[in-house]
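Each chain, letter by letter, is given below.
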Amino acid sequence: MVKVGILGVGTVGQSVIKILRENADIIEARAGKKIVVTKGVVRDITKKRDVKIALSDNPYDVINDESIDIVVELMGGVEKPFELVKEAMQKGKSVVTANKALLAYHRYELQKIASSKKGLAFGYEASVAGGIPIIQSLKSGLSANHLESISGIMNGTCNYILTKMIHEGTDFDTALKEAQELGYAEADPTFDIGGLDAAHKLLILASIAYGIDAKPEDILIEGIENITSIDVDFAKKFGYTIKLLGIAKKKGETVELRVHPCMIDQNSMIAKIDGVMNGISAVGDMVGETLYYGPGAGGDATASAVIADIIDIARGNTSAMLGYNKPLESNLQLVNPKEICSKYYLRLLVSDEAGVLAKISETFAKYDVSIEMIMQQPSGSKMANLLVATHICKEESITKVMEELYENQNVLTKPSMIRID
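First, a word on scope: everything that follows refers to the structure included in this document. (Residues numbered from 1 in each chain as written. Predicted model: local features only at pLDDT ≥ 70, side-chain atom pairs only at ≥ 80, totals over all residues. Heavy atoms only, no water.)

Relative to the helices and strands, Val335 is located in the loop between β13 (333-334) and β14 (341-351). Under the relative-accessibility criterion, Val335 is labelled buried at 16%. Along the chain, Val335 and Ala88 lie 247 residues apart, while their C-alpha atoms are 36 Å from each other. Here Val335 is in contact with Thr254, Val255, Glu256 and Ile340, once residues within four sequence places are set aside. (Helix = DSSP H or I, 4+ residues; strand = E, 2+ residues; numbered from the N terminus. Buried < 20%, exposed > 50% of the residue type's maximum accessible area, 1.4 Å probe, protein only. Contact = heavy atoms within 4.5 Å.)

The next point concerns the pairing of strand β2 (residues 35-41). Where strand β1 (residues 2-7) lies against β2, six bridges are found, and the strand directions are parallel. Residue pairing for β2: Val2 is matched across the bridge by Ile35. Note: β2 against strand β3 (residues 54-56), three bridges, orientation parallel. Residue pairing across strands places Lys39 opposite Ala54, the latter belonging to β3. (Pairing = 2+ DSSP bridges.)

There is about 1300 Å³ of room inside the largest pocket. Surrounding the largest pocket, 44 residues form its lining, Val12, Lys100, Glu186, Asp197 and Ala297 being those nearest its centre. Those elements that provide at least two residues to the lining of the largest pocket are α1 (11-22), α5 (100-116), α7 (156-168), α9 (190-193), α10 (196-210) and α12 (299-314). The residue makeup of the lining of the largest pocket, split by class, is 19 nonpolar, 18 polar and seven charged. Put simply, the second largest pocket is a space of about 590 Å³. Every residue lining the second largest pocket is counted, 23 residues in all, and those nearest its centre are Glu222, Met402, Lys414, Pro415 and Met417. Within the residue set of the lining of the second largest pocket, elements represented by two or more residues are α14 (395-407) and β18 (416-420). In terms of residues, the lining of the second largest pocket owes the most to one element, α14, which gives six residues. Partitioned by chemical class, the residues of the lining of the second largest pocket number 10 nonpolar, four polar and nine charged. (1 Å grid on protein atoms, 1.4 Å probe; cavity = no way out; pocket = protein on both sides within 12 Å on 5 of 7 lines; lining within 4 Å. Points joined across faces, edges and corners; volume = space filled by probe spheres on them. Nonpolar A, V, L, I, M, F, W, Y, C, P; charged D, E, K, R; others polar.)

At a minimum axis separation of 8 Å, α5 and α10 run at an interaxial angle of 40°. Put simply, α5 runs oblique to α10. Crossing angle aside, the handedness with which α5 passes α10 is left-handed. Across the interface between the two elements, Lys100, Ala101, Leu103, Ala104, Tyr105, Arg107 and Tyr108 from α5 touch Asp197, His200, Lys201, Leu203, Ile204 and Ser207 from α10. Its residues assigned to classes, the contact of α5 with α10 comprises seven nonpolar, two polar and four charged. (Axes fitted to C-alpha atoms, helices over the stretch in contact; angles between N-to-C directions. Parallel < 35°, antiparallel > 145°, perpendicular 65-115°, else oblique. Left-handed = near helix turned anticlockwise from the far one by under 90°.)

The subject of this paragraph is the packing of aromatic side chains. Under the criterion given, the structure shown has four aromatic pairs. Where Phe234 meets Phe238, the ring centres are 4.8 Å apart and the plane angle is 45°; that geometry is what we call tilted. Looking at Phe238, the relative accessible area reads 32%, which means it is partly exposed. (Phe/Tyr/Trp six-rings, centres within 6.5 Å; stacked < 30°, edge-to-face > 60°.)

The next thing to look at is the sheet that holds strand β4 (residues 70-73). With respect to topology, six strands assemble into an open sheet ordered β3-β2-β1-β4-β5-β6, the strand pairing being parallel. Two strands in the sheet have a free side with no partner beyond their single neighbour: β3 and β6 (122-123).

All right, on to the packing of helix α4 (residues 79-90) against α5 then. Interhelical geometry of α4 versus α5 gives an angle of 15° and a closest axis separation of 11 Å. The angle between α4 and α5 places the two elements in the roughly parallel class. For the element pair α4 and α5, the recorded crossing hand is right-handed. In contact with Glu79, Pro81, Phe82, Val85, Lys86, Met89 and Gln90 of α4, α5 contributes Leu102, His106, Glu109, Leu110, Ile113 and Ala114. Looking at the contact of α4 with α5 residue by residue, the class counts come to eight nonpolar, two polar and three charged.

Here the focus is the pairing of strand β16 (residues 383-390). Taking burial as the measure, the eight residues of β16 include seven buried ones, the bulk of the element. Bridge count for β14 against β16 is seven bridges, and the pairing is antiparallel. Paired with Arg347 across the strands is Leu387, a residue of β16. Bridge count between strand β15 (residues 371-378) and β16: seven bridges; the pairing is antiparallel. Across the sheet, residue Met373 finds its bridge partner in β16, namely Ala389.

Structure (structure tokens):
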């Protein structure tokens, strides 16, 4: 028998307990052992939960219990879970987590501990894309390939909001409110709509694929909060749709890591993934492009991934945290965000008067940014929206263009920008 203790019996934790109970026969057959949750830790011990296990508000009741074989960490947060997970492993317990923020900051420290303890396992499939087995695919299914890129939709909240804006004409604030009412977005949605949640997941995938030890502060991260119906209409007119993408791209001895809204070809596979679903594309040098699609969040989907790791550990499969003693790639350098190259779309609210367009064009030329197309739309009395698409240029150059334009007295608000992929 394998005994499990859960730190954080919330939505996902309760789903783990429910699935282990309801599918006990098939899980035992696949694991080769009976798996039982014996203890759980919660913040509020007085709150009623539909679980039949011993509950405590002290995490050390699980950490110090010698009978528990696997600790499942579902608390959320970074530093407190890190201390608890570290202590659990030091006591010889295998760990399974769904905590992408924890791994975004401490994955390599935890890997060292996991690697130093013989027979210790660390499962984290549930930390990226909910029920999609993308981590196992990278660790095993694609392990013969040099991965040229990993990109896709890694946050269901943002995808839901953008889907509503694109297909139903809903404005951003209304779409966000609907997402919150449906439970797709938190009361404080900053991590989701600001791109941080997707960035945490991207860093985990990049560690598996490339051995890159980067933190969120090291990479380009932008959210969807500035996207408007004007941007959506421009995208449609030129055959694009807008998605928040996490992108890892290998070029020679360097790797780009970035999270941001992107205008992509509306006929691409990723463009067709709508609602709260996630979709991740991985391109290998031998296999070509593979696409992984499924629910990126939700109690049962995430719990399914948690239990897959528990079953794997029960079978006796143990590994260092990132799955390799040596990364698939080595000696790769992270590209400075300023050096990333792309096409860009800019939206400017400007004074609708003679000479303004010429002055704005001069600013683009000053920083060697070539304009591919430009459109002007009236926007109230003596104002216009100027919509500009550029040819490929450096991030540093477009940033300087936007900074100088913002200082131009004829540019009435801060310029808004979306990359075109």
